[in-house]
Amino acid sequence: MEPITNAKNLALYWVQPKASQRYFLLLSDEREFASLEFKSAFGSLAVAITSERQWSFKRVGFFNPRVTVRRLNEEIDLAVYHPRWTGSEGTLSMAGGRSFTWKATNFWATCYTFLDSAGEQLLWFKEGAPESRFSNLFKIQAKVDIEAAGWQLPDLELLLALGWYLLILRHEDAAAGAAAAAAV
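What counts, and at which threshold
Residues numbered from 1 in each chain as written. Predicted model: local features only at pLDDT ≥ 70, side-chain atom pairs only at ≥ 80, totals over all residues. Heavy atoms only, no water. Buried < 20%, exposed > 50% of the residue type's maximum accessible area, 1.4 Å probe, protein only. Helix = DSSP H or I, 4+ residues; strand = E, 2+ residues; numbered from the N terminus. Pairing = 2+ DSSP bridges. Axes fitted to C-alpha atoms, helices over the stretch in contact; angles between N-to-C directions. Contact = heavy atoms within 4.5 Å.

**Q** Is there a simple way to think about the pairing of strand β10 (residues 111-115) in this case?
**A** Each regular strand shows side chains that alternate between the opposite faces of the sheet. With 5 of 5 residues buried, β10 lies mostly within the body of the structure. Here β10 shows a buried face lined by Cys111, Thr113 and Leu115 and a second buried face lined by Tyr112 and Phe114. Summarising the sheet, strand β9 (residues 99-104) and β10 pair through 4 bridges and their orientation is antiparallel. Paired with Lys103 across the strands is Thr113, a residue of β10. Taking the residues between adjacent antiparallel strands as the criterion, β9 and β10 are bridged by 6 residues, where Ala109 takes a positive phi near 55°. For β10 and strand β11 (residues 121-127), the ladder comprises 5 bridges, and the chain directions are antiparallel. Bridge pairing in β11 places Phe114 opposite Leu123. Adjacent in sequence and paired antiparallel, β10 and β11 are bridged by 5 residues, among which Gly119 carries a positive phi angle near 85°.

Dropping the structure here:
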């Protein structure tokens, strides 16, 4: 796995190698920069790994849902993401006091971004696969673009992994809602 700094000026994609597995890689061609793996078929606990760090992400709470970010195998929250009631945006509060806004940038919520406290866009995720193939129809994938300000962030790798985690949760929640509506 390579450091994310080696990805400057490269086209980055979060890809799902197998549609049947909740395992994802951040790639540029064959170069790997991060991975995200859910620990069970239905739970929200996931582990993100980069060349520098490892974190666990977990959605907790029902009436007050949030996502906790911890170093792998530790119990202290490094950050907590609080979604707004619409689910299409929220706030990531870091332990050191910094915060970031996560929000959809289009009506269909197929493109998301992290903004700093001044409202400057840092990086964004646009749903879609690097190649048009029939097998990609059943996978969750996205292109990632990092703005100049994003490359300066010490938490860039965390935002890349957490943003992808949030998109997967949103996608799976939408699929579950559609299945429930169809069953009624």
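**Q** Just checking my understanding: could you explain the sheet that holds β10 for this structure?
**A** What holds strands together in a sheet is hydrogen bonding between their backbones, with the strands either parallel or antiparallel. Within the closed barrel, the 12 strands sit side by side as β1-β2-β3-β4-β5-β6-β7-β8-β9-β10-β11-β12. Their pairing is antiparallel. Adjacent strand axes in the sheet meet at a mean angle of 20° when their direction is disregarded. Note that strand β2 (residues 23-28) and strand β3 (residues 31-38) share 6 bridges and pair antiparallel. Across the sheet, the residue bridging to Leu25 is Ser35, located in β3.

**Q** Where do I start with unusual backbone geometry in this structure?
**A** For residues besides glycine, phi is generally negative; the peptide bonds are generally trans as well. Residues other than glycine seldom take positive phi values, yet Asn9 does so here, at roughly 70°. Not every positive phi belongs to a glycine, and Asn73 is a case in point at roughly 65°. Positionally, Asn73 belongs in the loop between β6 (66-71) and β7 (77-83). On the basis of relative accessibility, which here comes to 75%, the residue Asn73 falls in the exposed class.

**Q** What is the right way to look at the environment of Lys126 in this model?
**A** Mapping Lys126 onto the fold places it in strand β11. By relative accessible area, which is 43% here, Lys126 ends up partly exposed. Placed 15 residues apart in sequence, Lys126 and Gln141 show a C-alpha to C-alpha distance of 8.6 Å. With sequence-adjacent residues up to four places away left out, Lys126 is seen in contact with Thr110, Cys111, Ala142 and Lys143.

**Q** In this structure, what is going on with the pairing of strand β1 (residues 12-15)? I would like to understand it.
**A** With burial as the criterion, each face of β1 is covered, one bearing Leu12 and Trp14 and the other bearing Tyr13 and Val15. The pairing of β1 with strand β12 (residues 142-146) spans 3 bridges and is antiparallel. In the strand pairing of β12, Leu12 is matched with Val144. For β1 and β2, the ladder comprises 3 bridges, and the chain directions are antiparallel. Residue pairing for β2: Val15 is matched across the bridge by Leu25.

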